[in-house]
Amino acid sequence: VNLVTLTTDFGAADWFVGVMKGVILSVNPRATIVDITHDLPFGDVRAAAFAIACAYRFFPRDAVHVVVVDPGVGGDRKPIAVRTDDYWFVGPDNGVLSWAIARERIKAIYHLQNKRYFLREISSTFHGRDVFAPVAAHLSRGAQIRDLGRRLAEIVRLDWPEVVEEAPGRIRGEVVYLDRFGNAITNIPAQLLSRLNVRAAGIYARGKRLCPVAGCYSAVPAGRPVAVAGSHGCVEIAVNRGSAATRLHLSVGTRVTLREQAGRK
Amino acid sequence: VNLVTLTTDFGAADWFVGVMKGVILSVNPRATIVDITHDLPFGDVRAAAFAIACAYRFFPRDAVHVVVVDPGVGGDRKPIAVRTDDYWFVGPDNGVLSWAIARERIKAIYHLQNKRYFLREISSTFHGRDVFAPVAAHLSRGAQIRDLGRRLAEIVRLDWPEVVEEAPGRIRGEVVYLDRFGNAITNIPAQLLSRLNVRAAGIYARGKRLCPVAGCYSAVPAGRPVAVAGSHGCVEIAVNRGSAATRLHLSVGTRVTLREQAGRK
Amino acid sequence: VNLVTLTTDFGAADWFVGVMKGVILSVNPRATIVDITHDLPFGDVRAAAFAIACAYRFFPRDAVHVVVVDPGVGGDRKPIAVRTDDYWFVGPDNGVLSWAIARERIKAIYHLQNKRYFLREISSTFHGRDVFAPVAAHLSRGAQIRDLGRRLAEIVRLDWPEVVEEAPGRIRGEVVYLDRFGNAITNIPAQLLSRLNVRAAGIYARGKRLCPVAGCYSAVPAGRPVAVAGSHGCVEIAVNRGSAATRLHLSVGTRVTLREQAGRK
């Protein structure tokens, strides 16, 4: 399908991402390359795993998703490629691919070992350029995954924090991602909201009610907090035209509870 | 023409822009997508309106310009598409398109209502992905605007601050945009400079002379302020190799006067 | 080859880069455009020269590399295009192209003077849009360099700080670039490491030993400094999962010495 996406923590300040694209276009001049993001927090494997899990399925079938948040580069974590029913995933086997792949049916996992698919010289510090970019480019133009290396049985998986039903109508979860708007994305599935009495429901943290649940940000006045069904399928805590992270002191890991009914703690 | 441009306040830190591109390429695999900017100040409809007004005409005819600075997402502002003689514009009807369109001849305005051109599931928080991206992709591959919804007579228009000729040779305007270099772009048309005695002319603010007018930044020594005919067609106040915004305490809305002749206040 | 790369200090906040792409696609609708970086320090010609020197050779043959860090825009520095055996380079003749070109064989240098290859109106502040983008687009679709203007004999060259062998096994160099991770890239060629007794070798600055030399970042514990052969072919001083620039107080110009053997100063 000639489509490669890139998700990294390389930032935009240097030439690292540009060079990956040069390598991809050298292997597959017909490739279309889409940046998902390059500004993930440095070395934050969980943020990267969440970002690609939210993004991958909006791309055409057979897209090659490259994810390089790789603090162990040059060490002994394996470079891998994964084929699922609909997509390719390429990156280090440090869990960064695992939340996206958890939603897909895996067809094959390969340890990237065949140097014919790498750049001729391989640095110890930039496998994004030397290993992952050329492998992705070869896959995007039809290379066979079985030629890339040795088959593996499993990938490293990050644990996903599951929500806990503390009582009927009380779901305890946590913040899993802060976006650039300061919206706090939780692990609470948004579809739970459709089963709730939304008018009475609210989000609680540290024993206090943070906000009501509503249909969209602008259901509350500017500057006021609200929880909505986020675009990623999770409950999201926001401040209309403001930052929930700042205003409500939320960070990744903060425990929050969705309660169907207002009431005592 | 298969060309779609994107102008948003979504930032580069998350997957939002990448996902819009995935949606566009899913509808039109031949689309070329160009980022105009994604780092507009959060929710700043006027900055977005100015950016696209400066940029749109440098693209090939029939390009589809998508502008999503949309603090009212999920509320009752209308999603619209506009056809002018030369371009398509897609975005929320909150004024963000109005300064670009003011320079074009409008052929049709449509309220986007036909869900066949949207993603199947529509969130209340991310119409960039669910509505604007797929509509733009359909337009870029030849969809008819009349199929998208209901025709409208007008769009919401932001007021543009017009300059005032206080006296012959004295034009009062204001700063309308600060760029990343700290250049202060004013609403004073640059062509006025060609009618002036530039040698004597200067820019004044708060009763004081800020700087002379010259042909280019480097007409003054490094660190010194100067007003030039900006690349956007407006008079621009700059500091050679520095920031006029910081050095001269200029911000959006600061009143400035172009005077043809040095003289008393 | 229809491939154009862009390296600038224009930032991502405004429409400047987007507009350059619009101009390129207006001239050559089949162009593929790759951003190398747009976040170089404002006006920093040496950082730009280093970035493109690290990046250019990872692109397919005949790519057109446009570099616009141009504090003298509108002044008397010349706009130029350079043909080497394998690539095109386009930018201001202020040295920004010189470190990349130093590694190539020059076939022709031209002063860009033929306005038929520029935009119709040329501003004094944005030659990236008005001169360099359209010239690059024309070159990418096969324009002859001899039609662009007048042939030049030489380009402006930035001096490159050469390393000094103070004594056998003691190489003195300096930091030439800080990347976004805080890695300090030096001018010491990485291939020197292969000749050293790496186990005993170390990097020294201000009379003190900063770190050992190793094969990859993760050869030392998280938070500890290490020097490695960087992906750009230079010795790089890093902190595993941290910032060497911050931790070791390194900046561009800081003198550092590679010593083969531990020992007295």
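Just above sits the structure.
Given the structure is predicted, the values throughout are model-derived calculations rather than measurements.

Enquirer: Tell me about the overall build of chain A, and name the residues and values.
Expert: Summing up its helical and strand segments, chain A has 6 helices and 15 strands in all. Taken along the three principal axes of its C-alpha coordinates, chain A extends 65 × 40 × 30 Å. In chain A, buried positions account for 63% of the 265 residues. Taking the intrachain contacts of chain A between residues at least 6 apart in sequence as the baseline, contacts between residues at least 24 apart amount to 64%. Here chain A has roughly 10600 Å² of accessible surface; of this, 47% comes from carbon and sulfur atoms. Here chain A holds 35 positive side-chain charges and 24 negative ones, and the gap between their average locations is 5 Å.

Enquirer: Pulling in residues and values, what's your account of the relation of the copies chain B and chain C?
Expert: Both copies of the chain are placed relative to one another by a rotation about an axis and a shift along it. Relative to chain C, chain B is turned by 120° and slid 0.0 Å along the rotation axis, the superposed coordinates differing by an RMSD of 0.0 Å. Interpreted geometrically, this transformation is the action of a three-fold axis.

Enquirer: Any chance you could break down the interface of chain A and chain B for me, citing the residues and the numbers?
Expert: Facing the 34 residues of chain A at the interface are 29 residues of chain B. For the pair chain A and chain B, the two sides together bury roughly 2400 Å², of which 62% comes from carbon and sulfur. For the chain A face of the interface with chain B, the top three residues by lost area are F58(A), R180(A) and F181(A), together amounting to 29%. At the level of secondary structure, the elements contributing two or more residues to the side of chain A that touches chain B comprise β2 (32–37), α2 (45–55), β9 (170–178) and β13 (225–229) of chain A. Take the side of chain A that touches chain B: its biggest share by element is 5 residues, from β2(A). By residue class, the composition of the side of chain A that touches chain B is 19 nonpolar, 10 polar and 5 charged.

Enquirer: Requested: an account of the nonpolar core, with residues and values cited.
Expert: Counting residues in each nonpolar core, the largest one holds 75 residues, and the members touching the most others are W15(A), V66(A), V90(A), L112(A), F50(C) and F89(C). In terms of residue count, helix α2 (residues 45–55) of chain C provides more of this core than any other element does, 10 residues in total. Those residues in contact with W15(A) that sit more than four places away from it in its chain are I36(C), F50(C), A51(C), C54(C), A55(C), Y177(C), I185(C) and H232(C).

Enquirer: Summarise the pattern of salt bridges; cite the residues concerned and give the values.
Expert: Should the charged atoms of two oppositely charged side chains come close, the side chains can pair. According to the stated counting rule, one finds 33 salt bridges over all chains in the structure shown. The closest approach of N and O atoms between D62(C) and R61(C), which form a salt bridge, is 3.8 Å. For D62(C), a relative accessible area of 26% corresponds to the partly exposed category. What emerges from the salt-bridge pattern is a single network uniting R61(A), D62(A), R83(A) and D86(A).

Enquirer: Let's hear about the packing of helix α1 (residues 16–27) of chain B against helix α4 (residues 127–140) of chain B: which residues, and what values?
Expert: All names here are of chain B. At a minimum axis distance of 8 Å, the contact between α1 and α4 shows a crossing angle of 40°. As far as their axial angle goes, α4 and α1 are oblique. Crossing of α1 over α4 shows right-handed handedness. Residues V19, M20, V23, I24 and V27 of α1 pack against G128, R129, A133, P134, A137 and H138 of α4.

Enquirer: For the interface of chain B and chain C, give the residues involved together with the corresponding values.
Expert: Taken together, the contacts link 34 residues of chain B with 29 residues of chain C. Both faces combined, the contact of chain B with chain C buries some 2400 Å², and carbon together with sulfur accounts for 63% of it. Inspection of the region where chain B meets chain C yields 11 residue pairs in polar contact (both at pLDDT 80 or more). Listed by contribution, the elements that provide at least two residues to the side of chain B that touches chain C are β2 (32–37), α2 (45–55), β9 (170–178) and β13 (225–229) of chain B. With 5 residues, β2(B) is the largest single contributor of residues to the side of chain B that touches chain C. Of the residues belonging to the side of chain B that touches chain C, the class tally is 19 nonpolar, 10 polar and 5 charged.

Enquirer: Outline the sheet that holds strand β4 (residues 79–84) of chain C, listing residues and values.
Expert: Residues and elements named next belong to chain C. Taken in spatial order, the 7 strands of this open sheet run β2-β1-β3-β5-β4-β6-β7, and their pairing is mixed. Edge strands, defined here as strands with exactly one partner in the open sheet, are β2 (32–37) and β7 (149–152). On average, adjacent strands in this sheet sit at an angle of 25° to one another, irrespective of strand direction. Two elements, strand β3 (residues 64–68) and strand β5 (residues 88–92), share 3 bridges in a ladder whose sense is parallel. Bridging from a neighbouring strand, V66 pairs with V90 of β5. The strands touched by helix α4 (residues 127–140) within the sheet are β1 (3–8), β3, β4, β5 and β6 (106–112), with β3 carrying the most contacts at an inclination of about 170°.

Enquirer: For the relation of the copies chain A and chain B, give the residues involved together with the corresponding values.
Expert: In the superposition of chain A on chain B (RMSD 0.0 Å, axial shift 0.0 Å), the rotation amounts to 120°. A share of only 6% of interface residues in chain A that are also interface residues in chain B marks the association as one of differing surfaces.

Enquirer: Please provide a residue-by-residue account of the pairing of strand β6 (residues 106–112) of chain B, values included.
Expert: Residues and elements named next belong to chain B. With 5 of 7 residues buried, β6 lies mostly within the body of the structure. Here strand β4 (residues 79–84) runs beside β6; their pairing, made up of 5 bridges, is antiparallel. Directly across from A81, in β6, lies its bridge partner Y110. Two strands pair when backbone bridges link them, and β6 and strand β7 (residues 149–152) are joined in this way by 4 bridges, in the antiparallel orientation.

Enquirer: How would you sum up the state of the cysteines? Please name residues and give values.
Expert: Evaluation of the coordinates by the stated rule reveals 0 disulfides over all chains. C216(A) takes part in no disulfide bond, and the closest cysteine sulfur to it belongs to C211(A), at a distance of 14 Å. You can see C234(B) has no disulfide; the closest cysteine sulfur is in C54(B), sitting 6.3 Å from it. A relative accessible area of 7% means that C234(B) is categorised as buried.

Enquirer: Mind laying out α2(B), listing which residues take part and the relevant values?
Expert: All names here are of chain B. Most of α2 sits inside the fold, with 10 of its 11 residues counted as buried. Here α2 has its buried residues at V45, A47, A48, A49, F50, A51, I52, A53, C54 and A55. At the N-terminal boundary of α2, the capping side chain belongs to D44, with an oxygen 3.3 Å from the backbone nitrogen of R46.

Enquirer: Provide a residue-level description of the side chain of D179(A), including the pertinent values.
Expert: By the element assignment, D179(A) lies in the loop between β9 and β10 (184–189). One buried charge, D179(A), has no salt-bridge partner; the nearest side chain with opposite charge is R180(A), at 7.3 Å. When sequence neighbours within four positions are dropped, the list of residues in contact with D179(A) reads D14(B) and F16(B).

Enquirer: So what's going on with the packing of aromatic side chains? Which residues, and what values?
Expert: When we look at a pair of aromatic rings, we describe it by the centre distance and by the angle of the planes. Considering all chains together, one arrives at 45 aromatic pairs over all chains under this definition. Measuring from centroid to centroid gives 5.6 Å for Y56(A) and F89(A), while their planes differ by 65°, and the two rings are edge-to-face. Linking Y56(A) in the loop between α2 and β3 (64–68) with F89(A) in strand β5 (residues 88–92), this pair joins segments that are 33 residues apart in sequence. The exposure class assigned to F89(A) is buried, which follows from its relative accessible area of 0%. Note on Y87(B) and F89(B): the rings are 6.5 Å apart at their centroids and 65° apart in plane angle, and the pair reads as edge-to-face. Taken as a pair, Y87(B) and F89(B) share a single burial class, namely buried. Connected via pairs of aromatic rings, a cluster forms that spans F10(A), W15(A), F16(A), F42(A), F126(A), F50(C), W99(C), W160(C), Y177(C) and F181(C). The ring centre of Y204(C) lies 4.1 Å from the NZ or CZ of R259(C), which sits over that ring.

Enquirer: Break down unusual backbone geometry for me, citing the residues and quoting the values.
Expert: Phi is positive for R241(A), which is not a glycine, with a value near 60°. By the element assignment, R241(A) lies in the loop between β14 (234–239) and α6 (244–247). We note that N2(C) has phi near 60°; this positive angle belongs to a residue other than glycine. Checked against the element boundaries, N2(C) lands in the segment before β1.

What counts, and at which threshold
Residues numbered from 1 in each chain as written. Chains lettered and ligands numbered in written order. Predicted model: local features only at pLDDT ≥ 70, side-chain atom pairs only at ≥ 80, totals over all residues. Heavy atoms only, no water. Helix = DSSP H or I, 4+ residues; strand = E, 2+ residues; numbered from the N terminus. Buried < 20%, exposed > 50% of the residue type's maximum accessible area, 1.4 Å probe, protein only. Contact = heavy atoms within 4.5 Å. Areas by Shrake-Rupley, 256 points an atom, 1.4 Å probe, with all protein chains shown as cover. Lys, Arg positive; Asp, Glu negative; His and termini not counted. Charge placed at Lys NZ, Arg CZ, Asp CG, Glu CD. Least-squares fit on C-alpha atoms with pLDDT ≥ 70 in both. Buried area = accessible area lost by both parts, 1.4 Å probe. Nonpolar A, V, L, I, M, F, W, Y, C, P; charged D, E, K, R; others polar. Core = buried A, V, L, I, M, F, W, Y, C linked by side-chain atoms within 4.5 Å. Salt bridge = Lys/Arg side-chain N within 4 Å of Asp/Glu carboxyl O. Axes fitted to C-alpha atoms, helices over the stretch in contact; angles between N-to-C directions. Parallel < 35°, antiparallel > 145°, perpendicular 65-115°, else oblique. Left-handed = near helix turned anticlockwise from the far one by under 90°. Polar contact = N/O pair within 3.5 Å; in protein donor to acceptor, adjacent residues only side chain to side chain. Pairing = 2+ DSSP bridges. Disulfide = S-S within 2.5 Å. Phe/Tyr/Trp six-rings, centres within 6.5 Å; stacked < 30°, edge-to-face > 60°. Lys NZ or Arg CZ within 6 Å of the ring centre and 35° of its normal.

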